[in-house]
Amino acid sequence: MADCLVTGGAGFIGSNLVRGLLSRGRSVKVLDNFSTGRRENLEEIKDRVDVQVGDLRDDDALFNAMLGVRYVFHVGALPSVVRSVEDPQTTHDVNVTGTLKLLLAAREAGVERVVLSSSSSVYGDTPELPKREDMLPNPLSPYALSKLTGEHYLRIFHDLYGLRTYSLRYFNVFGPRQDPASHYAAVIPLFVAALKRDAAPVIYGDGEQTRDFTYVDDVVAGNLCCMDAPDEAAGGVFNLAWGYRTSVNELAAKIAALMGKDIRPVHQDPRPGDVRDSQADSTRAREQLGWAANVPFEDGLRRTVEWFLDQPAP
Ligand SMILES: NC(=O)c1ccc[n+]([C@@H]2O[C@H](COP(=O)([O-])OP(=O)(O)OC[C@H]3O[C@@H](n4cnc5c(N)ncnc54)[C@H](O)[C@@H]3O)[C@@H](O)[C@H]2O)c1
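Counting restarts for each chain, with residues numbered from 1 along the sequence as it is written. This being a predicted model, a pLDDT of at least 70 is required before a residue's local features are given, and a value of 80 or more before pairs of side-chain atoms are given or counted; all residues contribute to the totals for chains, interfaces and linings. Calculation of side-chain values draws on the structure's entire complement of heavy atoms; hydrogens and water are dropped beforehand.

## As for the pairing of strand β11 (residues 236-240)
Next, step 1: For the exposure calls, accessible area comes from a 1.4 Å probe over protein chains only, and a residue counts as buried if that area is under 20% of its type's maximum, exposed if over 50%, partly exposed in between. Think of it this way: any DSSP run of H or I at least four residues long counts as a helix, any run of E at least two long counts as a strand, and we number them from the N terminus. Counting buried residues in β11 gives five out of five residues, a clear majority hidden from the surface.
Next, step 2: Burial along β11 is two-sided: G236, F238 and L240 and V237 and N239, pointing in opposite directions, are all buried.
Next, step 3: If DSSP finds at least two bridges between two strands, the strands pair. Of the pairings in the sheet, the one linking strand β6 (residues 164-170) to β11 comprises five bridges and is parallel in character. When the sheet's bridge partners are listed, Y166 is paired in β11 with G236.

## Regarding the pairing of strand β2 (residues 28-32)
The two faces of the sheet receive side chains in turn, since in a regular strand these alternate between them.
Next, step 1: For β2, the tally of buried residues reaches five of five residues, placing the bulk of the element in the interior.
Next, step 2: Burial along β2 is two-sided: V28, V30 and D32 facing one way and K29 and L31 facing the other are all buried.
Next, step 3: Of the strand pairs in this sheet, strand β1 (residues 4-7) and β2 are connected by four bridges, and their pairing is parallel. Looking at β2, one finds that V6 is bridged to V30.
Next, step 4: We call a crossover right-handed when, viewed with both strands directed away from the observer, the connection leading from the first strand over the helix to the second proceeds clockwise. A crossover links β1 with its parallel partner β2, the connecting element being helix α1 (residues 12-23), and its sense is right-handed.
Next, step 5: Bridge analysis of β2 against strand β3 (residues 49-53) gives five bridges, and the strand direction is parallel. If you follow L31 over to β3, its bridge partner there is Q52.

## So, unusual backbone geometry
Next, step 1: Here the bond from L129 into P130 is cis, since omega is -10 degrees, no more than 30 degrees from zero.
Next, step 2: If you trace the backbone, P130 turns up in the loop between β5 (113-119) and α5 (142-161).
Next, step 3: The backbone phi angle of N172 is positive, close to 45 degrees, even though this residue is not glycine.
Next, step 4: Relative to the assigned elements, N172 resides in the loop between β6 and β7 (173-174).

## Description of the site of the ligand
Next, step 1: Summary of the distance rule: residues count as near a molecule or strand when at least one heavy atom falls within 4 Å of that molecule or strand. As a matter of local geometry, the ligand sits amid 28 residues, with D32, T36, V75, Y143 and V173 nearest to it.
Next, step 2: For this analysis, a polar contact is any N or O atom pair within 3.5 Å, provided that within protein one partner can donate a hydrogen and the other can accept it, and provided that sequence-adjacent residues contribute only side-chain to side-chain pairs. Here an oxygen atom of the ligand sits 2.8 Å away from a polar atom, N or O, in the main chain of F12.
Next, step 3: Between an oxygen atom of the ligand and a main-chain N or O atom of V173, the distance comes to 2.8 Å.
Next, step 4: The protein chains shown are the only cover counted for residues, whose accessible areas, like all others here, come from Shrake-Rupley with a 1.4 Å probe. Relative to its unbound accessible surface of 820 Å², the ligand loses 93% to contact with the protein.
Next, step 5: Elements supplying a minimum of two residues to the shell around the ligand: α1, β5 and α5.
Next, step 6: Top contributing element to the shell around the ligand by residue count: β5, with three residues.
Next, step 7: Of the residues contributing to the shell around the ligand, the split by class is twelve nonpolar, twelve polar and four charged. Note on residue classes: Ala, Val, Leu, Ile, Met, Phe, Trp, Tyr, Cys and Pro are nonpolar, Asp, Glu, Lys and Arg are charged, and everything else, Gly too, is polar.

## Details of the packing of helix α4 (residues 88-109) against α5
Next, step 1: At their nearest, the axes of α4 and α5 sit 9 Å apart, and the two run at 15 degrees to each other. It follows from the interaxial angle that α4 and α5 lie roughly parallel. At the point where α4 passes α5, the crossing takes the right-handed sense. Note on element contacts: α5 touches α4 through P142, Y143, S146, K147, T149, G150, Y153, L154, F157 and Y161, opposite P88, T91, N95, V96, T99, L100, L103, L104 and R107.
Next, step 2: Taken together, the residues of the contact of α4 with α5 break down into eleven nonpolar, six polar and two charged. A fitted line through C-alpha atoms represents every axis, and for helices the fit uses only the stretch in contact; the resulting angles, taken between N-to-C directions, go from 0 to 180 degrees. Should an angle fall under 35 degrees it is called roughly parallel, over 145 degrees roughly antiparallel, and 65 to 115 degrees roughly perpendicular, with every other angle called oblique. Should the near helix be turned anticlockwise from the far one by less than a right angle, the crossing is termed left-handed; should it be turned clockwise, right-handed. By definition, residues are in contact when any of their heavy atoms lie within 4.5 Å.

## Notes on the side chain of N239
Next, step 1: Position of N239 among the secondary structure elements: in strand β11.
Next, step 2: For N239, the side chain forms a polar contact with the main-chain oxygen of K131, separated by 2.9 Å.

## A word on the pattern of salt bridges
Next, step 1: Basic side-chain nitrogens of Lys or Arg form a salt bridge, by our definition, when they fall within 4 Å of a carboxyl oxygen of Asp or Glu. Counted according to the given criterion, the structure contains 19 salt bridges.
Next, step 2: The salt bridge partner of R24 is D228, with a shortest N-O separation of 3.8 Å. Within this pair, whereas R24 is found in the loop between α1 and β2, its partner D228 is found in helix α7 (residues 216-228), the two being separated by 204 residues in sequence.
Next, step 3: With relative accessibility at 44%, the residue R24 sits in the partly exposed group.
Next, step 4: Between D59 and K101 there is a salt bridge whose closest N-O contact spans 3.2 Å. Remark: K101 occurs in helix α4 and D59 occurs in helix α2 (residues 59-66); sequence separation between them is 42 residues.
Next, step 5: The exposure class of D59 is partly exposed, given its relative accessible area of 46%.
Next, step 6: A relative accessible area of 21% means that K101 is categorised as partly exposed.
Next, step 7: Here the salt bridges share partners, and the residues they tie into one network are R113, R164 and D231.

Function cannot be inferred from these measures alone, as they are strictly geometric.
Below is the structure:
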């Protein structure tokens, strides 16, 4: 019976995490409703994973998914700022109510550890960089607020009920299997997909906004660290990021160079709820979880572009 549960395991980060757990010899279950996840993400490992189609808002689905599980990686969520601005209620239902229901089911089932995929968006637009976990959060979107609320629920379940919980704040994760086709797709797959069909990538705003782009293998490694992290770190919140800033203009230029394309991006209006600059200090994760970023941005970007170029046209 599987002792690890990955919610959202059919999504971008979740499907990479499932592979990371399998390569460590763990047995894995996935709970996913395939709202943004895809079957293809688990295709060549589908015989090694127990995939349960179910919703985070469904108590019975959660109860069944928890049976026999020691470690829960709660990756499943509606992950888009833009979507949350358009439809705050659904983001709240999935990301907040779904997380509370998951914690209740985990407590009931005697799960040992719960790891939450949280987000740098909780920091908002505060000017100080790099972001540290002791700074006051200032969520600017329903999505960011839903992630911050999830973190607090994890801490409270640790403090009140002794569940060992870890909230990991990711900063713009990228890598293989990130969906370029969704209406809410992230910037790197969008740029690669545009250039692949010789179209101009679209940049929202002046392109001088910066992000701390982090390769997905490093995020997977951070989740794996939480399986052995000391009990004293439980209840905590941890930044996980490469630690440097890259502007969206620089990013577009690097991807175009890697793909050998001479196509200039076009600029459109900035999007509401987007933050201007983002960069992490991950000292706490290094000291308390024993984690460090391992894949330089340029290496990760090259691997990602190569992976996308290998994919058949949709
Ligand atoms: N990609 C990033 O840069 C980034 C940054 C910060 C945080 N995160 C967080 O990491 C996690 C994974 O993000 P991702 O980029 O892999 O997104 P994704 O959309 O690829 O994965 C999310 C997964 O959750 C599933 N899901 C959504 N609603 C569900 C529901 N109601 N019940 C069951 N499953 C449901 C989706 O089908 C999908 O498989 C999310 O929690 C997101 O908030 C991502």
